[in-house]
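As a plain string of letters, each chain reads:
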Amino acid sequence: MTEITRVPLQPVAKGSLTKLWLGVILAVLIGAGLAWAAMPKGLDVETVTAGAGDSPQVGDVVFVNYVGKLADGTEFDRSQPLPVPPGLFPEGNPLLLEEGAIIDGFIEGLQQMQKGGSYVLTIPAEQAYGAEPPPGSPIPANADLVFEVEVVDFMSRDDFQARAAALQQMMGEQGAEGQAGPPPGQ
C-alpha cells in the first residue's frame, strides 16, 4: 500500500498576506518605471508664448523665425530674412509642411503650433536626421535637436504659389524696364 505523508498546514501569520500583496504591487511599479525609462523620448513642443487661431496642416507653407541648436546648446542653424519686397509675403522663412521638404519632427511639431506663438521644439534624433545628418553639417549622428520657433503666419500652397508667380511677374517687368534703352531720338 501507498503511504501518504501528511504535512500539517500552519496558519498564515497575521499581516503576511498584506505584505505579500505590497511586495507584488511594488514589483509591478518597479517594472513599470523601468519600462517608462527605457521608452524612446518623443517630440516635445513647449509653449513660450501662446498663438491664436488654427494650426498649419500638411501641405501649408509656414513662415517662421527659428534658431536650431544641438542638445548642448551649440547653434547650427538660424532663419534668414527673405530678399523679397515687403508686403507680398509674411516675414520669416517659408517652410513647406510636406514629407521630404523638412524633417519629420518639424512637420509634426509645426502642426501643434499656432500663428503668433513662440515655442521650443525638441526633436529626438529618430525624427530628425538619425544616423545620417546632411554631409558637411555641424549636426553629429544621432543628435537630438532643439529649435526656438516663432510662427509668423501660414498659408495654403496654392496661395503661396500665386504670390510667388506675382513676384516673378513683377521682377520680369522690372528687368524689361531696365534693359530698355533711351527712347529713340535722344
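Residues numbered from 1 in each chain as written. Predicted model: local features only at pLDDT ≥ 70, side-chain atom pairs only at ≥ 80, totals over all residues. Heavy atoms only, no water.

**Overview of the pairing of strand S4 (residues 93–96)**
Let me state the cut-off plainly: With a 1.4 Å probe rolled over the protein chains alone, any residue whose accessible area is under 20% of its type maximum counts as buried; one over 50% counts as exposed, and the rest are partly exposed. Numbering of helices and strands starts at the N terminus; helices are DSSP runs of H or I of at least 4 residues and strands are runs of E of at least 2. Two strands pair if DSSP finds at least two bridges between them.
Of the two faces of S4, the one holding Asn 93 and Leu 95 is buried and the one holding Pro 94 and Leu 96 is not buried anywhere. As paired elements, strand S2 (residues 61–70) and S4 share four bridges and run antiparallel to each other. Each bridged residue has a counterpart across the sheet, and for Val 61 the counterpart in S4 is Leu 96.

**Here's the deal with the packing of aromatic side chains**
Two numbers describe a pair of aromatic rings. These are the distance of the centres and the angle of the planes. Our working rule: Between the rings of Phe, Tyr and Trp (Trp by its six-membered ring), a pair exists once the centres lie within 6.5 Å; its type follows the angle of the planes, with under 30 degrees stacked, over 60 edge-to-face, and the other angles tilted.
Evaluated as defined, the whole model comprises seven aromatic pairs. The interplanar angle of 50° and the centroid separation of 6.1 Å between the aromatic rings of Phe 63 and Phe 160 together place this pair among those described as tilted. One end of the pair, Phe 63, is in strand S2; the other, Phe 160, is in helix H3 (residues 157–179), and 97 residues separate them in sequence. Note on Phe 89 and Phe 160: the rings are 5.1 Å apart at their centroids and 45° apart in plane angle, and the pair reads as tilted. Remark: Phe 160 occurs in helix H3 and Phe 89 occurs in the loop between strand S3 (75–78) and S4; sequence separation between them is 71 residues. One aromatic cluster in this structure is built from Tyr 66, Phe 76, Phe 106 and Phe 147.

**Regarding the environment of Asp 158**
Following the sequence through the fold, Asp 158 ends up in helix H3. The spatial distance from the C-alpha of Asp 158 to the C-alpha of Val 61 is 9.3 Å, given a sequence separation of 97 residues.

**Focus on unusual backbone geometry**
Here the phi dihedral of Asn 142 falls at roughly 55°; this positive angle occurs in a residue that is not glycine. With respect to the helices and strands, Asn 142 occurs in the loop between strand S5 (118–123) and strand S6 (145–155).

**Digging into a nonpolar patch on the surface**
Selection criterion: Within the patch definition used here, like charges are joined within 9 Å and nonpolar side chains (Val, Leu, Ile, Met, Phe, Trp, Tyr) within 5 Å, considering only residues with over 30% relative accessible area and no salt bridge. Values of accessible area rely on a 1.4 Å probe in the Shrake-Rupley scheme; residue burial ignores everything except the protein chains shown. The term salt bridge refers to a side-chain nitrogen of Lys or Arg lying within 4 Å of a carboxyl oxygen of Asp or Glu.
Among the surface-exposed residues, Leu 17, Leu 20, Trp 21, Val 24 and Val 28 lie close enough to one another that they form a single nonpolar patch of about 520 Å² accessible area. Following the sequence through the fold, Val 24 ends up in helix H1 (residues 16–38).

**Comments concerning the side chain of Asp 60**
Put simply, the rule is: In this tally, Lys and Arg are treated as positive and Asp and Glu as negative; His is ignored, and so are the chain termini. By the convention used here, residues are in contact when the closest approach between their heavy atoms is within 4.5 Å.
Structurally, the position occupied by Asp 60 is in the loop between strand S1 (44–49) and S2. Arg 157 provides the closest opposite charge to the buried, unpaired Asp 60, separated from it by 8.0 Å. In this view, Asp 60 contacts Leu 95, Leu 96, Leu 97, Phe 154, Met 155, Ser 156 and Arg 157; residues no more than four positions away in its chain are not counted.

**Some thoughts on the nonpolar core**
Note the threshold: Think of a nonpolar core as a cluster: buried Ala, Val, Leu, Ile, Met, Phe, Trp, Tyr and Cys residues, connected wherever their side-chain atoms sit within 4.5 Å.
Among the nonpolar cores identified, the biggest contains 25 residues, and Phe 106, Leu 110, Leu 121, Leu 145, Phe 147 and Val 149 are the most heavily contacted of them. Mapped by element, the contributors of at least two residues to this core are S2, helix H2 (104–110), S5 and S6. Those residues in contact with Phe 106 that sit more than four places away from it in its chain are Leu 95, Leu 121, Ile 123, Phe 147 and Val 149. Val 61, Phe 63, Met 155 and Leu 167 belong to the second largest nonpolar core, which has six residues in total.

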